[in-house]
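Here is how the chains run, residue by residue.
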Amino acid sequence: MSIGECIKARRIASGYSQDGLAKMVGIGQPMMAQIERGSKIPNMLLGRDIAKVLGCGMEELLEGEK
């Protein structure tokens, strides 16, 4: 599972829309869609912010990359 797929799964499990999560971390919904699709990879700071909102650590989002 890619980082984007992990983010999407955790976002859905947390009950957030793409737009809602994007706004919470200061990006637009199109960028969040690109991250979830895997066409963009979040930088460390954005990854940290996404993980914080989703209530997990960055390592948990990266575990799917194994």
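Residues numbered from 1 in each chain as written. Predicted model: local features only at pLDDT ≥ 70, side-chain atom pairs only at ≥ 80, totals over all residues. Heavy atoms only, no water.

As for the overall build of the protein chain
Helix and strand counts for the protein chain stand at five helices and zero strands. Shown N-terminal to C-terminal, the secondary structure of the protein chain runs as helices and strands in the order α-α-α-α-α. Its C-alpha radius of gyration of 10 Å places the protein chain within 12% of the 11 Å reference for a compact globule of 66 residues. When its C-alpha atoms are laid out on the principal axes, the protein chain stretches across 30 × 25 × 20 Å. At a minimum sequence separation of 6, the contacts of the protein chain that also span at least 24 residues come to 55%. Taken as a whole, the protein chain presents about 4000 Å² of accessible surface, with 54% of it coming from carbon and sulfur. Across the protein chain, the centroid of the 9 positively charged side chains sits 5 Å from that of the 8 negatively charged ones. (Helix = DSSP H or I, 4+ residues; strand = E, 2+ residues; numbered from the N terminus. Rg over C-alpha atoms; globule rule 2.2 N^0.38 Å. Contact = heavy atoms within 4.5 Å. Areas by Shrake-Rupley, 256 points an atom, 1.4 Å probe, with all protein chains shown as cover. Lys, Arg positive; Asp, Glu negative; His and termini not counted. Charge placed at Lys NZ, Arg CZ, Asp CG, Glu CD.)

Some remarks on helix α2 (residues 18–25)
Every buried residue of α2 is accounted for by Q18, L21, A22 and V25. Looking straight down α2, one finds that the buried residues subtend no more than 100 degrees of arc, so they occupy a single side. If you follow the buried residues of α2, they end up packed against α1 (3–14), α3 (29–37) and α4 (44–54). (Buried < 20%, exposed > 50% of the residue type's maximum accessible area, 1.4 Å probe, protein only. Arc of directions from axis to C-beta.)

Considerations on the pattern of salt bridges
Two side chains of opposite charge can pair, provided their charged atoms sit close to one another. Evaluated as defined, the whole model comprises four salt bridges. The shortest N-O distance in the salt bridge between R10 and E60 comes to 3.1 Å. Remark: E60 occurs in helix α5 (residues 58–62) and R10 occurs in helix α1; sequence separation between them is 50 residues. (Salt bridge = Lys/Arg side-chain N within 4 Å of Asp/Glu carboxyl O.)

Examining the side chain of R11
Counting through the fold element by element, R11 comes out in helix α1. For R11, the residues in contact, after removing those within four places along its chain, are Y16, S17, Q18, L21, E36 and L54.

As for the packing of α1 against α3
In contact at an axis separation of 6 Å, α1 and α3 are set at 115 degrees when each is read in the N-to-C sense. Between α1, through G4, E5, I7, K8 and R11, and α3, the contact on the second element is made entirely by M32, I35 and E36. When the residues that make up the contact of α1 with α3 are grouped by side-chain class, the tally is three nonpolar, one polar and four charged. (Axes fitted to C-alpha atoms, helices over the stretch in contact; angles between N-to-C directions. Nonpolar A, V, L, I, M, F, W, Y, C, P; charged D, E, K, R; others polar.)

A short note on α4
Listed in full, the buried residues belonging to α4 are L46, G47, I50, A51 and L54. Along the axis of α4, the buried residues cluster in a sector spanning 135 degrees; they form a single face. α4 presents M44, L45 and K52 as exposed residues on the side facing more than 90 degrees away from its buried surface. Residues of α4 that are buried in the fold lie against α1, α2, α3 and α5. Regarding α4, its N-cap is N43, as a side-chain oxygen of that residue lies 3.1 Å from the backbone nitrogen of L45 further along. (Polar contact = N/O pair within 3.5 Å; in protein donor to acceptor, adjacent residues only side chain to side chain.)

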